[in-house]
Amino acid sequence: MERRVVITGLGLVTPLGIGVKETWSALCAGKCGIGEITRFDTAKFETKIAGEVKGFHAEDFLPKKDAKRTEPFIAYSIAASRMALEDSGLVIDSSNADRIGSIIGCGLGGLHLLEETTRIVDNKGPKRVSPFFIPMLIGNMAPGMISILFGAKGPNVAITTACASGAHAVGDAFKIISRGGADAMITGGVESVITETCIAGFNAMKALSTRNDEPEKASRPFDRDRDGFVVSEGCGIVILETLEKALERGAHIYAEITGFGMSGDGYHMTAPAPEGEGAARCMIAALNDAGISYDIVDYINAHGTSTQLNDVYETKAVKTVFKEKASSIPISSTKSMTGHLLGGAGGVETAFTALTIQEGVIPPTINLENPDEECDLDYVPTVARKKNVRIAMSNSFGFGGTNATLVLQKLV
């Protein structure tokens, strides 16, 4: 018999703020976390904007000696995990350590360190490379360090599925608990790749917005004038545990996870399948896994990247799945405010979806000033909306045609 799985803790590090309270308040107010890149000189780059995390100090969340040698994506993961564990009140000790694990999604890992070390090899030679280079580069060091610092000795896994990484991590953690492989999981997604090679690479693909003179208006999902996505960084962590254990210890419950769907487009390296066919199958799989009908979904947190094809095809996929109900479902893209956290997006957006259910407030899609004619659904433009949300869906789709959908419900 499958066990019910609930969310009992949240931790966020985003361009909108450090912590759930600061981030959620900014999100509901329609604030934008995108600005000029400060990490490197952008003079030669087409894109000069990104969603940088501001005011983050690694030493606030991990030992000072470790903070200096920890890559940002690992530090963000540790910080968000610490906040989520404190929020949940979950104590890890010898009685439960082997039943608590961590799965973190990350798209590119330590790209900062890779660039820096390549320069060192070129300019100073291989003997000047740090012994921490490999351990700090690899994506699985995010869940690895979470396990080490917090004592979680259960399943320990990293997921790399591009922009679906965070959602796949949460979905896999949900399934591990559901089938009895663990009692609780620290899970979500992280990314920190605002670097020269990352921006140059996405620019070469013509994937990024170049609205450099108006950074706060650059991410504009479903808008006619969108010109690409905006790279951002940060981390979203959720604490998942069995309903039984959560009730036993009197934990606060944000929402229950009831469905997880996956699909592959089998179509193209970067472009989504025509008409959103793969995305539609993914959403249907999630609904079937949750055992619910399409006509009772109250809200969708869209992938909504602000790219030409994604926004149109996700709209078409929603119409395919929800039929006559599609036009009446509130949909929003929180990426309009956070930018696109790549591998971290699914973790952050799972937290946002849980908060939407708890607070009864749907975040807006800002910058939706001139809706694309092919994007004609209810995207909650500009202003947050109060609504009792009982069942919500969160979409994440990645390069390579990899798709993930989560279904969250208010606990009943």
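Higher on the page you've got the structure.
Residues numbered from 1 in each chain as written. Predicted model: local features only at pLDDT ≥ 70, side-chain atom pairs only at ≥ 80, totals over all residues. Heavy atoms only, no water.

Caption draft 1: Structural detail: the side chain of T258. Within the fold, T258 resides in strand 9 (residues 255-264). A polar contact of 3.0 Å, which involves the side chain of T258, links it to the side chain of Q409. (Helix = DSSP H or I, 4+ residues; strand = E, 2+ residues; numbered from the N terminus. Polar contact = N/O pair within 3.5 Å; in protein donor to acceptor, adjacent residues only side chain to side chain.)

Caption draft 2: The arrangement of the layout of surface pockets in detail. Here the largest pocket defines a volume of roughly 470 Å³. Around the largest pocket, the lining comprises 27 residues; the ones closest to its centre are T270, P272, T307, N310 and F399. Broken down by secondary-structure element, the contributors of at least two residues to the lining of the largest pocket are helix 11 (308-322) and strand 14 (391-398). Class assignment for the residues of the lining of the largest pocket results in ten nonpolar, 13 polar and four charged. (1 Å grid on protein atoms, 1.4 Å probe; cavity = no way out; pocket = protein on both sides within 12 Å on 5 of 7 lines; lining within 4 Å. Points joined across faces, edges and corners; volume = space filled by probe spheres on them. Nonpolar A, V, L, I, M, F, W, Y, C, P; charged D, E, K, R; others polar.)

Caption draft 3: Representation of the pairing of strand 15 (residues 402-409) in the model. Within strand 15, eight of the eight residues are buried, leaving the element largely enclosed by the surrounding structure. Going residue by residue along strand 15, you find T402, A404, L406 and L408 tucked away on one face and N403, T405, V407 and Q409 tucked away on the opposite face as well. Pairing of strand 14 with strand 15 involves eight bridges; the strand directions are antiparallel. Pairing of F397 across the sheet is with N403, part of strand 15. (Buried < 20%, exposed > 50% of the residue type's maximum accessible area, 1.4 Å probe, protein only. Pairing = 2+ DSSP bridges.)

Caption draft 4: How the structure looks around empty space enclosed by the protein. This structure, assessed with the given rule, holds two cavities of 30 Å³ or more. Considered as a void within the structure, the largest cavity measures approximately 80 Å³ in volume. Lining of the largest cavity is provided by D265, P272, A273, G276, E277, G278, A279, N310, Y313, E314, F397 and N403. Counting only elements with at least two residues in the lining of the largest cavity, the list comes to helix 10 (277-290) and helix 11. Roughly 30 Å³ of volume is contained in the second largest cavity. Here the lining of the second largest cavity is built from residues that sort into six nonpolar, two polar and no charged.

Caption draft 5: Representation of the pattern of salt bridges. This structure, assessed with the given rule, holds 25 salt bridges. Between R220 and D223 there is a salt bridge, with its nearest N and O atoms 3.1 Å apart. Each member of the pair R220 and D223 is classed as buried. Residues R224 and D225 are paired through a salt bridge, measuring 3.2 Å at the closest nitrogen-oxygen approach. (Salt bridge = Lys/Arg side-chain N within 4 Å of Asp/Glu carboxyl O.)

Caption draft 6: Layout of helix 8 (residues 196-204). Within helix 8 the residues assigned to the buried category are C198, I199, F202 and N203. Buried positions in helix 8, seen along its axis, are confined to an arc of 130 degrees and lie on one side of it. Those residues of helix 8 hidden inside the fold are in contact with helix 4 (111-124). Note on helix 8: the residue one or two positions beyond its end, K206, has a positive phi of about 60 degrees. (Arc of directions from axis to C-beta. Contact = heavy atoms within 4.5 Å.)

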